[in-house]
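These are the residues of each chain, in order.
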Amino acid sequence: MTALDLITGVTQAIFVLIFLLVTVRTISHPTPAHIDMSVFFGILAFLVVETRVATYLGVKQPDWYNDTVIVLVIALPYILLRLVDDFARVPTLVKRAAEVGLVAFAVALYATPGSQLQPEMTLAIVAYFVLLSFYSGAGFIDASRRTQGVTQRRMQAISIGTIFFGVEILMSGIGGLLQEPDRTLLTASGQVLGLLAAVAFYLGFAPPAFLRQAWQAPELRAFLARAADLPRLPATFDIVRELEKGAAASTGSSARIAVWDEDIAKLRAWRDPDNETIHFDSGSFVSGRAFELQRLIFTTDPIRDDPANADSYRRAGTGAMIATPISAGGRRLGVLTLYAQRSPIFAASDMELARLLADQAAVILESRALIDHAARVRAQEEANRLKEDFVSAAAHDLKTPLTTVVAQAEFLERKALRDPSSPADLQGLQRIVREGKRLAALVTDLLDAARLEQGRLVSEREPVDLGTLVSELCGRQQTDVHSCAVDVRGAVVGVYDRRRIEQLVENLVENARKYSPDATPVDVTVWQQDGEARIAVRDHGIGIPPTDLPTIFERFSRGSNVDDRRFHGMGLGLYICRGIVEEHGGRIWAESEVGKGSTFHVALPLQEGRRLN
Ligand code: ADP
């Protein structure tokens, strides 16, 4: 046996092996691509076996039989073209031209008597063969550029195989027309290329598991390396997009993930290009069905398999889908869907990979759920702590006046029991009234704070003349200790909740008095500016430290320069003021200098048509 015999033997053995492997796959998944592969390698395997048997038996085949064998050989590049079409898209014109060529050759062959091919015929066949093989090779290269990962590598192997196959036929075709020794040289080179083509086809069409895994490894490794950080991304959406990117890179197809939303019992996905959220039921669409049944679904024709949603698949140009449920320890988390415009050639390996990626996605989404849960627990604890703070602050502030009221009342009671005819203790009674009022004010503040939480502070609105309102209030608040001077610059009328605006100004004026030394004036100005009603309350008091300024409008917030012994307070007044202003659509802010005084500014919207100059 010569070296060339050995090469031919090995090449033929590889073709038969590929035929057996792809046929097994076609039986389990009879997709158009698998069928075309089986036909292609079936013809090659038949030619190998047929030649061997004929040579061994020394039989001479009839002409029609030999013609059929040649037609089968000519059909090979046409089937390659169909394979390109299974994965990418071949223009209809090219397909029809290839079919016409094939039929024309068959007719010419059967019509010509004798088994010897005319040189022109041989040349024409070789040209047809080479043209189609190169076209298919280019088609596979183009398709491989548009995919990634393992699919891309397999497509590259197939394109190399296709081109070698074409060159081999070209060489043996030309070799047939030459004289010795060129003829042997060219045919031998062709046989070596044939072997290379066989190996490339084997790697592309039926790669062994270890090679497939090695090809998947780089993308998968990159994806897994990134996976550890994914659960910490800011939003579930970011995680899903990263998972989709990883799945697409590893499989060479497009990938979509829908996550199960427990609260509304629907699957949630994000649509391209604007990331709009869409919801769909478990059981609807191929992905919903995979989720409902909790098993992988592979379809090469979603329009046929899910006619109810045919329009969506048609619009998206979806030709094949693999939908895999994402679940962890019995918890159903979502579904991973890989889809391609054309039925993917590599369905079997993609399914294994889809399962692996879905498992990985499950781990990531599960960790994310745990992180979210921990955050919810922390938020709950924080809310509880706030509630406790609130209760203890309120209890503390209510207790002081209450103790005074009870002690004073008990004292008066004892006095009355001892000497019923003694005159009323006016001072004691006034203290009870004063502390009682403080208590009532505190309770009102607490109730207002609670209303504010629900956004229900402001109710009935009516036209309010702010100048008049502020002047009346100031008049009432005039005391011996503090004067309240009002400067109203023109009529300022807006539509407000009168009671709440009164409360707002009262609070600000009371604070101005509370936090100022005796005999210092409080000035209130009312004016209009840039289409807004403006109120400013200015004092010459203790001021607010700059570090406290940003927080004084927060609930329970008090300046670091005030203490309970000198200044009673719960830190709710300004919080309620801000609530009143904001519910009216306005703004409130403060300017202050420690030791010099503070000015509180309020800006409220003026109703259109009520703007007066
Ligand atoms: P309270 O007066 O009950 O403490 P507020 O919410 O009305 O609660 O005020 C919050 C804090 O803002 C006060 O504790 C005080 O430190 C500061 N503050 C408010 N008004 C003035 C003011 N006119 N001058 C100085 N500090 C003020």
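The structure displayed is predicted, hence computed values, not measured ones.

(A) Highlighting the nonpolar core. Counting 47 residues, the largest nonpolar core has I18, F40, F41, F165, F201 and F205 as its most contacted members. Among the elements of the structure, α1 (3–28), α2 (32–57), α3 (63–87), α4 (92–111), α5 (119–145), α6 (149–177) and α7 (182–205) are those that each provide at least two residues to this core. Residue contributions to this core peak at 14 residues, all from α3. Ignoring sequence-local partners within four residues, the contact set of F201 consists of F15, I18, F40, F41, L80, I158, G161, T162, F165 and A206.

(B) Quick peek at the sheet that holds strand β4 (residues 297–299). Read across the open sheet, the 6 strands follow the order β3-β2-β1-β6-β5-β4; overall the sheet is antiparallel. Of all strands in the sheet, those with a lone pairing partner are β3 (276–280) and β4, marking the two edges. Sheet twist, expressed as the mean angle between neighbouring strand axes with direction ignored, is 25°. Helix-sheet contacts for helix α10 (residues 285–293) involve β1 (254–261), β2 (266–271), β3, β4, β5 (320–328) and β6 (331–340), and the interaxial angle to β6 is about 145°.

(C) Representation of the site of the ligand. Taken together, 20 residues lie around the ligand, and N511, Y515, R558, G559 and L574 are the ones closest in. Y515 has a polar side-chain atom sitting 2.7 Å from an oxygen atom of the ligand. Contact distances for the ligand include 2.7 Å between an oxygen atom and a backbone N or O atom of L574. Here the ligand, which alone exposes 530 Å², has 97% of that area covered by the protein. At the level of secondary structure, the elements contributing two or more residues to the shell around the ligand comprise α16 (498–514), α17 (573–583) and β13 (597–605).

(D) Just the state of the cysteines, in detail. Counted by the stated rule, this structure contains 1 disulfide. At a sulfur-sulfur separation of 1.7 Å, the disulfide partner of C474 is C484. Of the two residues, C474 sits in helix α15 (residues 466–477) while C484 sits in strand β8 (residues 484–488), which places them 10 residues apart along the sequence. Judged by its relative accessible area of 9%, C484 falls in the buried class.

(E) Spatial organisation of the packing of α15 against α16. The interhelical angle for the contact between α15 and α16, taken along N-to-C directions, is 45°, at an axis separation of 10 Å. With respect to their mutual orientation, α15 and α16 come out oblique. Of the two elements, α15 crosses α16, and the hand of that crossing is right-handed. Along its contact with α15, which presents L466, L469, V470, L473, R476 and Q477, the element α16 presents R498, I501, E502, V505, E506, V509, E510 and R513. For the contact of α15 with α16, a count of residues per class yields 7 nonpolar, 1 polar and 6 charged.

(F) Broad picture of the packing of α1 against α7. Here α1 crosses α7 at 25°, and the two axes come no closer than 9 Å. Taken together, α1 and α7 sit at an angle that is classed as roughly parallel. Seen from above, α1 lies across α7 with left-handed handedness. Where α1 abuts α7, its residues L4, I7, T8, V10, T11, I14, F15, L17, I18, L21, V22 and R25 lie against A188, Q191, V192, G194, L195, A198, V199, F201, Y202 and F205. Across the contact of α1 with α7, the residue classes tally to 17 nonpolar, 4 polar and 1 charged.

(G) Region of the structure containing α7. Here α7 is 24 residues long and its end C-alpha atoms lie 34 Å apart, about the 34 Å a rise of 1.5 Å per residue gives. Among all positions in α7, only A188, G190, L193, G194, A197, A198, A200, F201, G204 and F205 are buried. Where the residues of α7 are buried, they touch α1, α2, α3 and α6.

(H) Quick peek at a nonpolar patch on the surface. A cluster of nonpolar side chains, V49, V53, Y56, L57 and V59, forms an exposed patch at the surface whose accessible area comes to about 530 Å². With respect to the helices and strands, the residue L57 is situated in helix α2.

(I) Looking closely at the pattern of salt bridges. Under the definition given, this model contains 28 salt bridges. One salt bridge connects R145 with D142, and the closest N-O pair in it is separated by 3.7 Å. Of the two residues, R145 and D142 are both situated in helix α5; the distance of 3 residues between them amounts to about one turn of the helix. By relative accessible area, which is 33% here, D142 ends up partly exposed. Taking the shortest distance from any N to any O, the salt bridge between E219 and R153 comes out at 3.4 Å. Of this pair, E219 sits in helix α8 (residues 209–227) while R153 sits in helix α6, and the two are 66 residues apart along the sequence. Three or more residues joined by partner-sharing salt bridges are found here, namely R241, E244 and R256.

(J) Geometry of the sheet that holds strand β10 (residues 522–529). Pairing within the open sheet is mixed, and its 5 strands lie in the order β8-β10-β11-β13-β12. Lying at the two open borders of the sheet, with one neighbouring strand each, are β8 and β12 (587–593). Across the sheet, the mean angle separating the axes of adjacent strands is 15° when strand polarity is ignored. Pairing of β10 with strand β11 (residues 532–538), which is carried by 7 bridges, proceeds in the antiparallel orientation. What sits directly across from D523, in β11, is R538. Sheet strands touched by α15: β8, β10, β11 and β13. Its angle to β8, the strand with the most contacts, is close to 170°.

(K) Summary view of α4. With 20 residues, α4 should cover 28 Å at 1.5 Å per step; its first-to-last C-alpha distance of 28 Å lies within 8% of that length. Against the buried residues of α4 lie α3 and α5.

(L) Looking closely at the packing of aromatic side chains. A full pass over the atoms with the stated rule returns 18 aromatic pairs. With 5.0 Å between their ring centres and 85° between their planes, F40 and F41 make a pair best called edge-to-face. Comparing F40 with F41, the two get one shared label, buried. Look at F285 and Y313: their rings are 6.3 Å apart centre to centre, the planes differ by 85°, and that puts the pair in the edge-to-face class. Here the residue F285 occupies a position in helix α10, and Y313 occupies one in helix α12 (residues 310–316), the gap between them amounting to 28 residues. Residue Y313 is classed as buried on the basis of its relative accessible area of 5%. Ring pairing ties together the aromatic residues F15, F40, F41, F129, F165, F201 and F205, which thus form one cluster. Of note, R332 hangs over the ring of W260, and the distance from its end group to the ring centre comes to 5.9 Å.

Each value, and the rule that gives it
Along each chain, numbering runs from 1 in the same order as the chain's sequence is written. In keeping with the predicted nature of the model, local features appear solely for residues at pLDDT of at least 70, side-chain atom pairs appear and are counted solely at 80 or more, and the whole-chain, interface and lining totals rest on all residues. The basis for every side-chain value is the complete set of heavy atoms in the structure, and neither hydrogens nor water enter the calculation. Only buried Ala, Val, Leu, Ile, Met, Phe, Trp, Tyr and Cys residues count toward a nonpolar core, and they belong to the same one when joined by side-chain atoms within 4.5 Å. Exposure is judged per residue with a 1.4 Å probe applied to protein chains only, and the accessible area is read against the type maximum: over 50% gives exposed, under 20% gives buried, and values in between give partly exposed. For the purposes of this entry, the term helix denotes a DSSP run of H or I that reaches at least four residues, the term strand denotes a run of E that reaches at least two, and both are numbered from the N terminus. Contact between two residues is taken to exist if any of their heavy atoms lie within 4.5 Å; hydrogens are not considered. The pairing criterion for strands is at least two bridges between them, as found by DSSP. A fitted line through C-alpha atoms represents every axis, and for helices the fit uses only the stretch in contact; the resulting angles, taken between N-to-C directions, go from 0 to 180 degrees. The near set for a molecule or strand comprises every residue that places at least one heavy atom within 4 Å of it. Here a polar contact means two N or O atoms within 3.5 Å. Within protein one must be a hydrogen donor candidate and the other an acceptor candidate, and residues neighboring in sequence count only if both atoms are side-chain atoms. Shrake-Rupley sampling with a 1.4 Å probe provides the accessible areas, and residues are treated as covered by the protein chains on show and by no other component. In this description, the term disulfide denotes a pair of cysteine sulfurs within 2.5 Å. Any angle that is under 35 degrees is reported as roughly parallel, and any over 145 degrees as roughly antiparallel; angles of 65 to 115 degrees are reported as roughly perpendicular and all others as oblique. Crossings are assigned a handedness: left-handed for a near helix turned anticlockwise from the far helix by less than a right angle, right-handed for a clockwise turn. When residues are sorted by character, Ala, Val, Leu, Ile, Met, Phe, Trp, Tyr, Cys and Pro go into the nonpolar class, Asp, Glu, Lys and Arg into the charged class, and all the rest, Gly among them, into the polar class. To estimate how far a helix should reach, multiply one less than its number of residues by 1.5 Å. The patches described consist of residues with a relative accessible area above 30% and no salt bridge, like charges being joined within 9 Å and nonpolar side chains (Val, Leu, Ile, Met, Phe, Trp, Tyr) within 5 Å. Note on definitions: salt bridges are taken to be side-chain nitrogens of Lys or Arg within 4 Å of carboxyl oxygens of Asp or Glu. Stacked, edge-to-face and tilted are the three classes for Phe, Tyr and Trp ring pairs, Trp counted by its six-membered ring, which pair at centre distances within 6.5 Å; planes under 30 degrees apart are stacked, over 60 edge-to-face, the rest tilted. Distance and angle both matter: a charge sits over a ring if NZ of Lys or CZ of Arg is within 6 Å of the ring centre and within 35 degrees of the ring normal.

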